[in-house]
Amino acid sequence: MNADVLGGDYETRTLPLGGDTTATLVRRRAQPAVRGAVLYVHGFADYFFQRHVAEHFTARGFDFYAIDLRAYGRSLRPGQVANYVTDLAEHFEEIDAAVRVIREEDGHRHLVVSGHSTGGLITSLWAHERRSDDVLDALVLNSPWLDLAEPWLLRTVGTALIRGVGRFAPRLVLKPGMGPVYGESIHRDHHGEWDFDTSWKPIEAFPIHAGWLRAIRRAHAQVHRGLDVRVPVLLLRSERSLLHAKRWTPETMTADTVLDVEHMVRWGPRIGSRVTIVSVDGGMHDLFLSAEPVRRRALAEVDEFLDQL
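Residues numbered from 1 in each chain as written. Predicted model: local features only at pLDDT ≥ 70, side-chain atom pairs only at ≥ 80, totals over all residues. Heavy atoms only, no water.

### A short note on the packing of helix α2 (residues 92–105) against helix α3 (residues 118–129)
Here's step 1: Where α2 meets α3, the closest approach of the two axes is 10 Å, and the angle between their N-to-C directions is 70 degrees. Looking at the two axes, α2 sits roughly perpendicular to α3. α2 and α3 meet at a crossing whose hand is right-handed. Contacts from Phe92, Ile95, Asp96 and Val99 in α2 reach Ile122, Thr123, Leu125, Trp126 and Glu129 in α3.
Here's step 2: When its residues are assigned to classes, the contact of α2 with α3 shows six nonpolar, one polar and two charged. (Axes fitted to C-alpha atoms, helices over the stretch in contact; angles between N-to-C directions. Helix = DSSP H or I, 4+ residues; strand = E, 2+ residues; numbered from the N terminus. Parallel < 35°, antiparallel > 145°, perpendicular 65-115°, else oblique. Left-handed = near helix turned anticlockwise from the far one by under 90°. Contact = heavy atoms within 4.5 Å. Nonpolar A, V, L, I, M, F, W, Y, C, P; charged D, E, K, R; others polar.)

This is the structure in structure tokens:
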């Protein structure tokens, strides 16, 4: 392990993957780790920077790990297309590698995986694929991306077009980004309270490529058909969404401005047979980056869920 950009008690380890790609595992130790480990998986145009989340879990006896996926954050290399894969199952390789470190090298018998947004989609699919491997004890989803936050026509006819374009022109840029509203709501240089590296997490996100969006829609379809995640699942979501806002307003600080929370309610139960869905009033897209009383309640819901395992 090497020193991390977060400093202090944070360490990093490079995880070699196929080809020339790598992922990065971040670790913060508990003193002592009496309850096992938590592995955090970020969303699109994101990386791990949430010290307060790590500190929350280590204070409760969990060693905390976070992975910056290939071509994200600490793992982004010169010449790579940021945040780009053509199949979300490619990310299973780095999750498997992180789990081997956590379980085999660090000796943890109990593991909770937490995924945010696209990370919630990826970890749900991974937990389904590894359902018979006995490597996971619980799954925590923070505003998971389970459907396209667009009108019905774009979710149907538009998806058919995305599949065709994404297959034959995967590097085609469909959108230059996601707009500034959410980024401005969380970064301290605008209206938020958080500091993060905007070369790794741009305010307007990274360009949306056709091949990546095709992979997302294929993953959504798999969730809609039904998964078989066999461990308890906690799905946290905001009380409401405020979609397609063109500019920041105070209201954008109290709603999910990225995803439709009703999609989480609709499709969340398809993840497994033991899914608990909890609404967090006033939550932003990343509930753990919401206003202090809101994120405190979201983390308290996680504590209560884990205490019942």
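### Some remarks on unusual backbone geometry
Here's step 1: Of the consecutive residues Gln31 and Pro32, the connecting peptide bond is found in the cis state with omega at -5 degrees.
Here's step 2: Within the fold, Pro32 resides in the loop between β3 (22–28) and β4 (36–41).
Here's step 3: Look at Asn83: it is not a glycine, yet its phi comes out positive at around 65 degrees.
Here's step 4: Topologically, Asn83 is positioned in the loop between β5 (62–68) and α2.
Here's step 5: Classification of Asn83 as buried rests on a relative accessible area of 3%.
Here's step 6: The phi dihedral of His244 falls on the positive side, at around 65 degrees, and the residue is not glycine.
Here's step 7: Within the secondary structure, His244 is located in the loop between β10 (233–238) and α7 (261–267).
Here's step 8: Taking the relative accessible area as the measure of exposure, His244 reaches 48% and is therefore partly exposed. (Buried < 20%, exposed > 50% of the residue type's maximum accessible area, 1.4 Å probe, protein only.)

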